[in-house]
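Residue-level listing of the chains:
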Protein chains: 2
Amino acid sequence: MEEDPTLQLRVFDLNCWAIRYLSKRRQERVQLIGDTLRREGFDLVLLQEVWSEGDYSVLKETLGSCYPFSHYFRSGVIGSGLCVFSRFPILDTFLYQYSLNGYPYMLQHGDWFCGKSVGLVVIKISGIVFNIYVTHLHAEYCREKDAYLPHRVVQAWELAQFIRHTSKAADVVLLGGDLNMHPEDVGIRLLRACTGLRDAFAEAQRFEGCEAGCTLVPDNCFTVKTELQPFPLGIRIDYILYKAVSDFAVKCEELRTTTGTAPGKDIPYSDHEAVMATLHVRRQSRTPEPTLGTAEPALADAVNEARTEVRVGLQAARRRRYASGRMALLALLLLLLQAAAGLGSLAGWAPGQPLPKLSFCLLASLAAGALLLAAGLHLFHTREVKMLQGTEEEMRLALRALQGRLGAA
Amino acid sequence: MEEDPTLQLRVFDLNCWAIRYLSKRRQERVQLIGDTLRREGFDLVLLQEVWSEGDYSVLKETLGSCYPFSHYFRSGVIGSGLCVFSRFPILDTFLYQYSLNGYPYMLQHGDWFCGKSVGLVVIKISGIVFNIYVTHLHAEYCREKDAYLPHRVVQAWELAQFIRHTSKAADVVLLGGDLNMHPEDVGIRLLRACTGLRDAFAEAQRFEGCEAGCTLVPDNCFTVKTELQPFPLGIRIDYILYKAVSDFAVKCEELRTTTGTAPGKDIPYSDHEAVMATLHVRRQSRTPEPTLGTAEPALADAVNEARTEVRVGLQAARRRRYASGRMALLALLLLLLQAAAGLGSLAGWAPGQPLPKLSFCLLASLAAGALLLAAGLHLFHTREVKMLQGTEEEMRLALRALQGRLGAA
């Protein structure tokens, strides 16, 4: 069988760190990113943290001639921050918002407000259907005591399920984004084992860029040096992953990262380094369906480990739900007591008001405020418990099915 | 080509109205539903409004011998209420929660707390892959002035996109649920035109049950008669929809609904009537891909109309966002003024406190409460605006693509 010619696809992925009012030299960097993308002429550009639609519009205007097709994914209070620019027509789009994404009261972290999601765009090049996913998972603020690990694991699980269920008619699957996970972390092993996606960095025939493919490096003037202290080389948390169905083969010919300061400028594009992959896709004679190999035990291990993390999160969420419920109950009791005392003193049953009017009113306001707040928190954590339980159950079922297959093999 | 034998599939769909503390004779009805399902031996059972996991456990226990496979979808604060019982192994599940679902402050309606969703289960019978969807959309509380119409239209759109994107490897697609839409409503036309799903009631070779296939009927002792006054026969809002890919053909041999009181009992199963379909699936020689026909103009009409509804919703959401933002600002101003006055009188700049201490404190508490509430509402409505905008944009793009295809034809 004669093989079809190879299709080359050049992909650019970057967490742009474009937070209005907060990110340093934002507008200048957005313009710089736009200019570079126009000059370099990639086929596909996957961006994260483009929080403001104004910045998206600037990019769209700059890139219109070179990348005539684009999509901005709206989500959450602020937005998903995700957008895609493409040289090829975007045939279809879809957005999935993760069910868990931090806490609204963690204002200093703010992930909750962004409505973290995974966006899908479908493109077709030379008859080959590409499902392109772009995502950004919950940030890791403290690796030693990572309170968001269960949420991130749930996000990785949902990302894997979303890709699995929506990519069944695709010839090539491509995922780019800031996964906020180191290459050996449980979430990334789970994602890769569930979907069969391959890591462009590990597969690349040529690599050029920061050592070990790191995308958050101390050399970048915008990174927080103290956070990177345990990792002198930096960390790799931005990825391009890919796979093809059996009729096609994908190879990563080259992977590059930027290395801090942009060429000819005094600033980098972002606090993250960009990841750029050159992929080669070609049609091949159908290979036989893989039999039970090394993939399934790895998947079982990853699901098992992820389930443990989800359980830990479930316990913590249950404690928070209990604490907020108890606080709401106490506030309600206090209010009721005050109401009884107030009514009693009005009706003349009590000898006199035990508290001065001012303190009485202040206490009542405080109790009412506490009741409202605690009730809201209780609802929030009840939902959190529900979602963690749901994921834990899904993982349990997946493990049972896997163990059945492994046992039968 | 010899055709394969026909596969018969008997499907049961019911909104169970099993709300703890609120639904009348709930436990008795859940037991009744369980007993009937066990006796009748359907292949597939799609239930909605099973809000409590306790009720699901009762059903699971009752049905274990007859329907060994089941799944309960967890979502929102209360749950999605969705569950599936099956005679055949459930190979895979996935849940998509709608991005808009009413308002948390509409406590009397409560839809927001349920996390309305669409659940997917994948089953395989005789080598045929079935993607089975179960869903429940936002209720319609007042048809004349339906404040939730834009949210329901967004849900119908997301449902259609979810089915389109996840069913690409399925041979047969089946959707059952309470769509809270009359057959001619824009949302259902949109859903059907986007997905190509066919209505079992319209396609059935035999029908038996309530007139016009209604599933909310005045004869049912649990329905609110005043709500059904404009519809003397009742309304049809519960559906079984289906389609097959070109290699397969599905026919609805028979459709039945229950008709109020359950046989031999003094109560019905629920305030809704159950819908029961007998489908025949058979493999057929591949039919040619349909060319541009009557479906695309119908789709363009439905998307256009839906987009108008979303725009109306967007305007209303923008007004609510503006009103809540203004309220938050006013409350903040009042608080700042009070703080200035308080500090002034403490520092001896003002001749005296203009208000008695008690009123001063009460006012401050009130302002603080109003600020918190209004800020929360503002965030909520900002997210609502964002999601409506996103859907409006998606519809605009879909329309443009459609018009391009229609123009080229």
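Residues numbered from 1 in each chain as written. Chains lettered and ligands numbered in written order. Predicted model: local features only at pLDDT ≥ 70, side-chain atom pairs only at ≥ 80, totals over all residues. Heavy atoms only, no water.

As recorded in an unreviewed UniProt entry, chain A goes by the name sphingomyelin phosphodiesterase, listed as coming from Apteryx mantelli. The UniProt entry for chain A carries the following comment under Subcellular location (unreviewed entry): "Membrane". Taken verbatim from the UniProt record of chain A, the Sequence similarities (unreviewed entry) comment is "Belongs to the neutral sphingomyelinase family." (UniProt positions renumbered as here; feature names shortened; annotations may be inferred.)

Now, about the overall build of chain A: what can you tell me, with residues and values included?
The number of helices and strands found in chain A is eight helices and 13 strands. Expressed as lengths along the three principal axes of its C-alpha atoms, the size of chain A is roughly 100 × 60 × 40 Å. Relative to its full complement of 409 residues, chain A shows a buried share of 53%. Here the analysis covers contacts within chain A between residues at least 6 apart in sequence; of these, 75% occur between residues at least 24 apart. Here chain A has roughly 18,100 Å² of accessible surface; of this, 57% comes from carbon and sulfur atoms. Mean positive and mean negative side-chain charge positions of chain A (44 and 44 charges, respectively) differ by 6 Å. (Helix = DSSP H or I, 4+ residues; strand = E, 2+ residues; numbered from the N terminus. Buried < 20%, exposed > 50% of the residue type's maximum accessible area, 1.4 Å probe, protein only. Contact = heavy atoms within 4.5 Å. Areas by Shrake-Rupley, 256 points an atom, 1.4 Å probe, with all protein chains shown as cover. Lys, Arg positive; Asp, Glu negative; His and termini not counted. Charge placed at Lys NZ, Arg CZ, Asp CG, Glu CD.)

Summarise the interface of chain A and chain B; cite the residues concerned and give the values.
Between chain A and chain B, the contact holds 40 residues from the first and 40 residues from the second. Across the chain A to chain B interface the summed buried area is about 3,500 Å²; carbon plus sulfur atoms make up 66%. Across the contact surface, chain A and chain B share two salt bridges. Linking Asp92(A) and Arg164(B) is a salt bridge whose minimum nitrogen-to-oxygen distance equals 2.8 Å. The interface formed by chain A and chain B contains five residue pairs in polar contact (both at pLDDT 80 or more). Of all the elements in the fold, those that place two or more residues in the side of chain A that touches chain B are strand S5 (90-97), strand S6 (117-125), helix H4 (149-166) and helix H8 (357-408) of chain A. No other element matches the 15 residues that H8(A) contributes to the side of chain A that touches chain B. A breakdown of the residues in the side of chain A that touches chain B according to their chemical character gives 16 nonpolar, 13 polar and 11 charged. (Buried area = accessible area lost by both parts, 1.4 Å probe. Salt bridge = Lys/Arg side-chain N within 4 Å of Asp/Glu carboxyl O. Polar contact = N/O pair within 3.5 Å; in protein donor to acceptor, adjacent residues only side chain to side chain. Nonpolar A, V, L, I, M, F, W, Y, C, P; charged D, E, K, R; others polar.)

Give me the packing of aromatic side chains: which residues, what numbers.
Following the criterion strictly, the structure yields 31 aromatic pairs over all chains and no others. With a centroid separation of 5.8 Å and 70° between ring planes, the pair formed by Tyr141(A) and Tyr148(A) is classed as edge-to-face. Counting every residue linked through ring pairs, the aromatic cluster contains Phe94(A), Tyr96(A), Tyr98(A), Tyr133(A), Phe162(A), Phe94(B), Tyr96(B), Tyr98(B), Tyr133(B) and Phe162(B). The positively charged end of Arg29(A) is found above the aromatic ring belonging to Phe222(A), 5.4 Å away from the centroid. (Phe/Tyr/Trp six-rings, centres within 6.5 Å; stacked < 30°, edge-to-face > 60°. Lys NZ or Arg CZ within 6 Å of the ring centre and 35° of its normal.)

Describe the domain arrangement of chain A, with residues and values.
All names here are of chain A. When the domains of chain A are assigned, the result is domain 1 (7-289) and domain 2 (298-343 + 357-408). Centre-to-centre, using C-alpha coordinates, domain 1 lies 32 Å away from domain 2. Counting residues at the interface gives 18 residues for domain 1, matched by 21 residues for domain 2. Interface area lost by domain 1 to domain 2 is led by Leu100, Pro150 and Trp157, which between them contribute 30%. (Domains from an automatic or database assignment.)

Would you mind going over the relation of the copies chain A and chain B in detail, with residue names and values included?
Mapping chain A onto chain B leaves a residual RMSD of 0.0 Å; the transformation is a rotation of 180° accompanied by 0.0 Å of translation along its axis. Given the turn and translation reported, the copies of this chain are related as if by a two-fold rotation axis. With an isologous cut-off of 70% or more, the 100% of interface residues of chain A that recur at the interface of chain B puts this contact in the isologous class. (Least-squares fit on C-alpha atoms with pLDDT ≥ 70 in both.)

With reference to specific residues and values, describe the sheet that holds strand S9 (residues 198-199) of chain B.
One open sheet holds the six strands; their spatial order is S5-S6-S7-S8-S11-S9 (chain B), and the pairing between them is mixed. The outermost strands of the open sheet, each flanked by one partner alone, are strand S5 (90-97) and S9 of chain B. Pairing of strand S8 (residues 172-178) of chain B with strand S11 (residues 238-244) of chain B involves seven bridges; the strand directions are antiparallel. Note that in S11(B) the partner of Gly176(B) across the bridge is Ile240(B). Seen against the sheet, H4(A) touches S5 and strand S6 (117-125) of chain B and runs at an angle of roughly 110° to S5(B). Contacts between helix H4 (residues 149-166) of chain B and the sheet are confined to S5, S6, strand S7 (128-136) and S8 of chain B, with S7(B) contributing the most and set at about 165° to the helix. (Pairing = 2+ DSSP bridges. Axes fitted to C-alpha atoms, helices over the stretch in contact; angles between N-to-C directions.)

Hey, could you go over the nonpolar core for me, with residue numbers and the actual values?
Core analysis: the largest hydrophobic core is formed by 90 residues, its most contacted members being Leu179(A) and Leu179(B). Each residue touching Leu179(A), except ones within four places of it in the same chain, is listed here: Thr135(A), Leu137(A), Arg152(A), Leu159(A), Ile188(A), Leu191(A), Ile237(A), Tyr239(A) and Leu241(A). (Core = buried A, V, L, I, M, F, W, Y, C linked by side-chain atoms within 4.5 Å.)

Please give an account of the UniProt feature "transmembrane region" (unreviewed entry) in chain A that cites residues and values.
When the UniProt feature table is mapped onto this chain numbering, "transmembrane region" (unreviewed entry) sits at residues 328-350 and 362-380 of chain A. Across residues 362-380 of chain A, the secondary structure splits into 100% helix and 0% strand, with the terminal C-alpha atoms separated by 27 Å.

Before we move on, could you go through H4(B) and cite the residues and values that matter?
With 18 residues, H4(B) extends 25 Å from end C-alpha to end C-alpha; this agrees with the ideal 26 Å at 1.5 Å per step. Burial within H4(B) is extensive, with 16 of its 18 residues counted as buried. (Expected span 1.5 Å × (residues − 1).)

Account for a nonpolar patch on the surface, with residues named and values stated.
On the surface, Leu329(A), Leu332(A) and Leu336(A) cluster together into a nonpolar patch covering about 290 Å² of accessible area. Take Leu336(A): it is sitting in helix H7 (residues 295-346). (Patch = residues over 30% accessible without salt bridge, like charges linked within 9 Å, V, L, I, M, F, W, Y side chains within 5 Å.)

Tell me what's going on with the pairing of strand S13 (residues 275-283) of chain A, and back it up with residues and numbers.
Residue and element names in this part refer to chain A. Two elements, strand S1 (residues 7-18) and S13, share seven bridges in a ladder whose sense is antiparallel. When the bridges of S13 are listed, Phe12 appears paired with Met276. Across nine bridges, strand S12 (residues 248-257) lies against S13 in antiparallel orientation. Note on S13: the bridge partner recorded for Leu255 is Ala277.

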